[in-house]
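# Remarks on the overall topology
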Amino acid sequence: QDWSYDTGVVRQTSRVVALDVRDPAKIASVGDFAIPGEVSDSRVVGDVMYVVSFQNGYCWSCETSPSTVVMSLGIKDPRAIAKVDQVAFSSPSASYSWWKRSVSATNTRFWIGGPEYTWTGTDHAKSTIQALDVSDASGKLSLGATVKLDGMIQSRWQMDESGGVLRVISQPGWSGDSPSVQTFTVKSSTDVTPLGSMKLVLPKPESLMSVRFDGTRAYAIAAERKDPLFTIDLTDPAKPLQKGELEMPGWVYHMEPRGNRLLGLGFDQGNPEGA
């Protein structure tokens, strides 16, 4: 943050900083580049860095409406980092402060999705994922297909591309419906078609808390004081199958697959030794 006391204006920005670490005893900054807003993710492919930022409409040099912005930077010469291209996914209204997109990335494309409440009509509980092609070696960005979902995207972990298939687990809004598992055939960033789908069978109406994909498996946790963990078989992506179920205390917000183990991170308010 840069605080300009003489004008009374606050300018907020993030920065990409290039460090020379060839001598660990003398790490030196050799270049930097200002990024408006809050950086949420980044990825380097070849000589290009892709930076994802959220701009709330009030930060220095940011979009006028809340936006998730993907910017490509040329980093071949770290002393002269330069912007190549930019795509902004802006909210339909400056008042929609919840318009923060989640991004799942591969080396050739980004999948960008988030909540899209419309309040009216039959699609009030649905949303979309936008494909963004990042395969150009120079860093040029190109919009791809728009994928229609049965529910909402709240985090990057709900989206995953593997073996030419996009797998998504989404949560319908206030419809009381169960989380939806959907798969799509990905021939290119502009050619994405529905492949398979299923609804999770829950013991009672609940909402997604955590999702994680791991090869041909997916894990989903629904929210209550005792979180049920559901396993999903994606061996045949055209026919997703719900398999095991495990009840656990507390809330689990994030999962990490580790071979034949799954680590869950969360908290338990009912633990007598403390939450």
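In this report, we go over the structure that sits alongside the text.

Rules used in this analysis
- Residues numbered from 1 in each chain as written.
- Predicted model: local features only at pLDDT ≥ 70, side-chain atom pairs only at ≥ 80, totals over all residues.
- Heavy atoms only, no water.
- Helix = DSSP H or I, 4+ residues; strand = E, 2+ residues; numbered from the N terminus.
- Buried < 20%, exposed > 50% of the residue type's maximum accessible area, 1.4 Å probe, protein only.
- Contact = heavy atoms within 4.5 Å.
- Areas by Shrake-Rupley, 256 points an atom, 1.4 Å probe, with all protein chains shown as cover.
- Salt bridge = Lys/Arg side-chain N within 4 Å of Asp/Glu carboxyl O.
- Lys, Arg positive; Asp, Glu negative; His and termini not counted.
- Polar contact = N/O pair within 3.5 Å; in protein donor to acceptor, adjacent residues only side chain to side chain.
- Pairing = 2+ DSSP bridges.
- Axes fitted to C-alpha atoms, helices over the stretch in contact; angles between N-to-C directions.
- Patch = residues over 30% accessible without salt bridge, like charges linked within 9 Å, V, L, I, M, F, W, Y side chains within 5 Å.
- Phe/Tyr/Trp six-rings, centres within 6.5 Å; stacked < 30°, edge-to-face > 60°.
- Lys NZ or Arg CZ within 6 Å of the ring centre and 35° of its normal.

## What to know about the overall build of the protein
The number of helices and strands found in the protein is zero helices and 22 strands. Looking at the protein residue by residue over its 275 residues, the buried ones come to 43%. A sequence separation of at least 24 residues applies to 42% of the contacts in the protein between residues at least 6 apart. A total of about 14,700 Å² of accessible surface is found on the protein, and carbon and sulfur atoms cover 50% of it.

## What to know about the pattern of salt bridges
The final tally for this structure, using the stated rule, is ten salt bridges. Close ionic contact of Arg-109 with Glu-161 constitutes a salt bridge, the shortest N to O distance being 2.9 Å. Of this pair, Arg-109 sits in strand β10 (residues 109-113) while Glu-161 is found in strand β13 (residues 159-162), placing the two residues 52 residues apart along the sequence. Of the two residues examined, Arg-109 and Glu-161, each falls in the buried class. Glu-256 is paired through a salt bridge with Arg-258; the nearest N and O atoms lie 3.0 Å apart. Each of Arg-212, Glu-256 and Arg-258 takes part in a single network of salt bridges with overlapping partners.

## Structural notes on the side chain of Asp-133
The topology assignment puts Asp-133 in strand β11 (residues 127-133). With no salt bridge to any partner, buried Asp-133 finds its closest opposite charge in Arg-109, at an N-O distance of 5.0 Å. For Asp-133, the side chain forms a polar contact with the side chain of Ser-189, separated by 3.0 Å. The residues touching Asp-133, leaving out its near neighbours within four places in the chain, are Thr-108, Arg-109, Lys-140, Leu-141, Ser-142 and Ser-189.

## Observations concerning the sheet that holds strand β5 (residues 38-45)
Reading across the sheet, the four strands line up as β5-β6-β7-β8 and stay open at both edges, with antiparallel pairing between neighbours. The sheet terminates laterally at β5 and β8 (82-90), the two strands that pair on one side only. The mean inter-strand angle of the sheet, taken between neighbouring strand axes irrespective of direction, is 15°. Note that strand β6 (residues 48-55) and strand β7 (residues 67-74) share eight bridges and pair antiparallel. Opposite Gln-55, over in β7, you have Ser-67 as the bridge partner.

## What to know about the sheet that holds β10
Pairing within the open sheet is antiparallel, and its four strands lie in the order β9-β10-β11-β12. Each end of this open sheet is capped by a strand with a single partner; those strands are β9 (102-105) and β12 (142-149). This sheet shows a mean twist of 25° between the axes of neighbouring strands, independent of strand direction. Summarising the sheet, β9 and β10 pair through four bridges and their orientation is antiparallel. Each bridged residue has a counterpart across the sheet, and for Val-103 the counterpart in β10 is Ile-112.

## A few points about a nonpolar patch on the surface
Judged by side-chain polarity, Val-17, Leu-19, Val-21 and Ile-27 come together as a nonpolar surface patch covering roughly 370 Å² of accessible area. The residue Ile-27 is located in the loop between β3 (13-20) and β4 (28-36) in this model. By relative accessible area, which is 51% here, Ile-27 ends up exposed.

## Here we look at the environment of Pro-36
Along the chain, Pro-36 turns up in strand β4. Spatially, the C-alpha atoms of Pro-36 and Cys-62 are 5.4 Å apart, while their sequence positions differ by 26 residues. With sequence-adjacent residues up to four places away left out, Pro-36 is seen in contact with Thr-13, Ser-53, Gln-55, Cys-59, Trp-60, Ser-61, Cys-62 and Met-71.

## So, the side chain of Ser-72
Tracing the sequence through the fold places Ser-72 in strand β7. You can call Ser-72 buried: its relative accessible area is 0%. A distance of 2.6 Å separates a polar atom in the side chain of Ser-72 from the backbone oxygen of Gly-139. Not counting residues within four places of it along the chain, the set of residues in contact with Ser-72 comprises Val-48, Met-49, Tyr-50, Ala-82, Lys-83, Val-84, Asp-85, Gly-139 and Leu-141.

## What about the packing of aromatic side chains?
What the rule picks out here adds up to two aromatic pairs. Considering the side-chain rings of Tyr-50 and Phe-110, the 5.8 Å spacing of their centres and the 75° angle between planes classify their relative orientation as edge-to-face. Residue Tyr-50 is found in strand β6, and its partner Phe-110 is found in strand β10; the two are separated by 60 residues along the sequence. For Tyr-50, a relative accessible area of 1% corresponds to the buried category. Above the ring of Trp-157, the side-chain terminus of Arg-156 is found at 4.7 Å from the ring centroid.

## Section: the pairing of β11
Counted residue by residue, β11 has six buried out of seven residues, so it is predominantly covered. Strand direction decides the pairing type here: β11 and β12, joined by six bridges, are antiparallel. What sits directly across from Ser-127, in β12, is Leu-149.

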